[in-house]
Each structure stands twice: as structure tokens, then as C-alpha cells.
Amino acid sequence: TIQAEDGIRDKRGGLVGSEMCIRDSDGIAGPGVVAELRFVGRATRKTGREAVREREWMRNLPSSLVGSRACFDPSCRDEEEASAAWETATAAAGIFQVMGGRPSLSRSVDVFTTESIRARRANRIGADLIVSLRHPQADRPGVYFFASSMSRSEAGALLATEIAAHLDLPVDGRAAPILKHTRSPAVIVSHSDLSAELAKGVVAGINGFYVEATAQE
């Protein structure tokens, strides 16, 4: 039998929880224990392989953003955010292009779409990295990269760190759709003042990411 102290069920109908224990009725570890351990082992190995691939990818990057493809994602959870994020995203895209990059946007000015749809667009256009711009709303200002209990994006963490250093913002992990559903490293820049000045810091941070990524051992 599979038992959990909190009685929460997962999507597959199994019981899950922080106090989960798996045992046969006679107290001897049975097939359920073995299957669970194999699942955890596979997940751990997968996470390790992804981290190695990310580090190798970063070592092979150019030392500047010239020629790289960045997708700027103007969030649009309400009209005020959509307008401010659009202005900042287009400003960042313009600066990025002047510096030799190849920018794109995840949506049109008059189209409001979900994070997941915008993430799929970033994947389709083959962006090397994604920067989402939004207001904090209920969250605190910061720069966020993908992180969960099972894995984290090393490249995303470095990109977030470099951008945050130019904007004087904290860095933290999240599992938001725009971070989770994009294939390339992605970050969210959450700030109450989405402006052209902030766009300059974002692009400076992107360039810093390329410099630091190629310098890592």
C-alpha cells in the first residue's frame, strides 16, 4: 500500500506528500518502493545531464551578444502592465539590435496571450534566451530564473544574476510558465517602473551574461 500522512493525491491518483512512506502491508519493501526509487534515480540523472549540457552550452557561447537571438516578452496580465511592458520590451529590442543582436518579441502590441503561448512562440522562433518583463503585482520586485524542487537552470541563474546586478534587484528561482515551457534560458524581470532606463540595464546584463558564461570553467 502507498500511504501519506497528509492524504494528498497526485494527478495519477497516487498519494503524495512530504511525509510519504511506501511499504507493503507486512512492512517489507515491495515493488512500490523499488519503482519509486527507480523514478527518483532517473529524475536525478536527468537533472545532472541537463546541468552538464547547460554548462557546455555556455562554454561554447560567443563572448558578446553580437549575432545572438533574444526574445523579449512583454507580459500582459492587465492593460497597464501590457502597455508598460511593451514599451520596455521594444526599447530593449532596439538597444539589443544596435549592439549587434537579433531581437524578437513574444506578442504583438494589440494581442494579449498567455505565458504558455508566448513561451511556445519563443521556442518556434529559436530564441537563444528569453527575457520577460512585468510588474510585480502580488510578488516582490526581482529577477527570476527557472528553479523547482527537481531542477534548476544554471544558465538562467547566471543570466538573472547579470541582469539583476545592473538593476540592483534580488535574484530568485520560480517555476512560472514562461520559465518552465521555454527551451532556452529564460528570466523574468519584475519591476514597478518598466522604463527605457530599465531596458538599458537589461541589455547590459545580457551582454554581461555572454562575457561571464564563456569565462566559466
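Computed from a predicted model, the values in this text were never measured in an experiment. (Residues numbered from 1 in each chain as written. Predicted model: local features only at pLDDT ≥ 70, side-chain atom pairs only at ≥ 80, totals over all residues. Heavy atoms only, no water.)

(A) Spotlight on the sheet that holds strand β9 (residues 171-174). Read across the sheet, six strands follow the order β6-β5-β7-β10-β8-β9 without closing on themselves; strand pairing throughout is mixed. The outermost strands of the open sheet, each flanked by one partner alone, are β6 (102-105) and β9. Pairwise comparison of adjacent strand axes, ignoring direction, gives a mean angle of 25° for this sheet. Most of the contacts of helix α2 (residues 79-98) go to strand β5 (residues 69-74), to which it runs at about 165°, and overall it touches β5, β6 and β7 (129-134). Set on the sheet, helix α4 (residues 154-167) makes contact with β7, β8 (142-146), β9 and β10 (186-190); between it and β10 the angle comes to about 25°. (Pairing = 2+ DSSP bridges. Helix = DSSP H or I, 4+ residues; strand = E, 2+ residues; numbered from the N terminus. Axes fitted to C-alpha atoms, helices over the stretch in contact; angles between N-to-C directions. Contact = heavy atoms within 4.5 Å.)

(B) Representation of the pairing of β9. Of the strand pairs in this sheet, β8 and β9 are connected by four bridges, and their pairing is parallel. Along β9, the bridge assignment pairs phenylalanine 146 with arginine 174. Viewed along the sheet, the connection from β8 through α4 into β9 turns out right-handed. (Right-handed = clockwise from strand over helix to strand, strands pointing away.)

(C) Spotlight on the confidence of the model for the chain. Residues at a pLDDT of 70 or more form 76% of the chain, whose mean pLDDT is 82. Considering only residues more than four positions removed or in separate chains, one finds that residues 33-46, a stretch of pLDDT under 50, has four contacts. (pLDDT = per-residue confidence, 0-100.)

(D) Geometry of the pattern of salt bridges. Counted according to the given criterion, the structure contains nine salt bridges. A salt bridge links arginine 77 to glutamate 81, with the nearest nitrogen and oxygen atoms 2.5 Å apart. Arginine 77 sits in the partly exposed class, given a relative accessible area of 40%. Between arginine 174 and aspartate 172 there is a salt bridge, with the nearest N and O atoms lying 3.2 Å from each other. A relative accessible area of 30% means that aspartate 172 is categorised as partly exposed. (Salt bridge = Lys/Arg side-chain N within 4 Å of Asp/Glu carboxyl O. Buried < 20%, exposed > 50% of the residue type's maximum accessible area, 1.4 Å probe, protein only.)

(E) Representation of the packing of α4 against helix α6 (residues 196-215) in the model. Running from amino to carboxyl end, α4 crosses α6 at an angle of 135°, the nearest separation of the two axes being 7 Å. With respect to α6, the axis of α4 lies oblique. The crossing of α4 and α6 is right-handed. For the pair formed by α4 and α6, the contact residues are Ala155, Leu158, Leu159, Glu162, Ile163, His166 and Leu167 on the first element and Leu198, Gly201, Val202, Ala204, Gly205, Ile206, Gly208, Phe209, Glu212 and Ala213 on the second. (Parallel < 35°, antiparallel > 145°, perpendicular 65-115°, else oblique. Left-handed = near helix turned anticlockwise from the far one by under 90°.)

(F) Examining the pairing of β6 more closely. As judged from the four bridges shared by β5 and β6, these two strands associate in the parallel manner. Its bridge partner being in β6, arginine 69 is matched across the sheet by arginine 102. Regarding topology, α2 serves as the crossover connection from β5 to the parallel β6, and that connection is right-handed.

(G) Region of the structure containing the packing of α2 against α6. Remark: α2 packs on α6, axes separated minimally by 8 Å, with the N-to-C direction vectors making an angle of 45°. Relative to α6, the element α2 is oriented oblique. Here α2 runs over α6; the crossing is right-handed. From α2, Thr88, Ala91, Ala92, Ile95 and Phe96 reach across to α6, where they touch Ala196, Leu198, Ala199, Lys200, Val203 and Ile206. Grouping the constituent residues of the contact of α2 with α6 by class yields nine nonpolar, one polar and one charged. (Nonpolar A, V, L, I, M, F, W, Y, C, P; charged D, E, K, R; others polar.)

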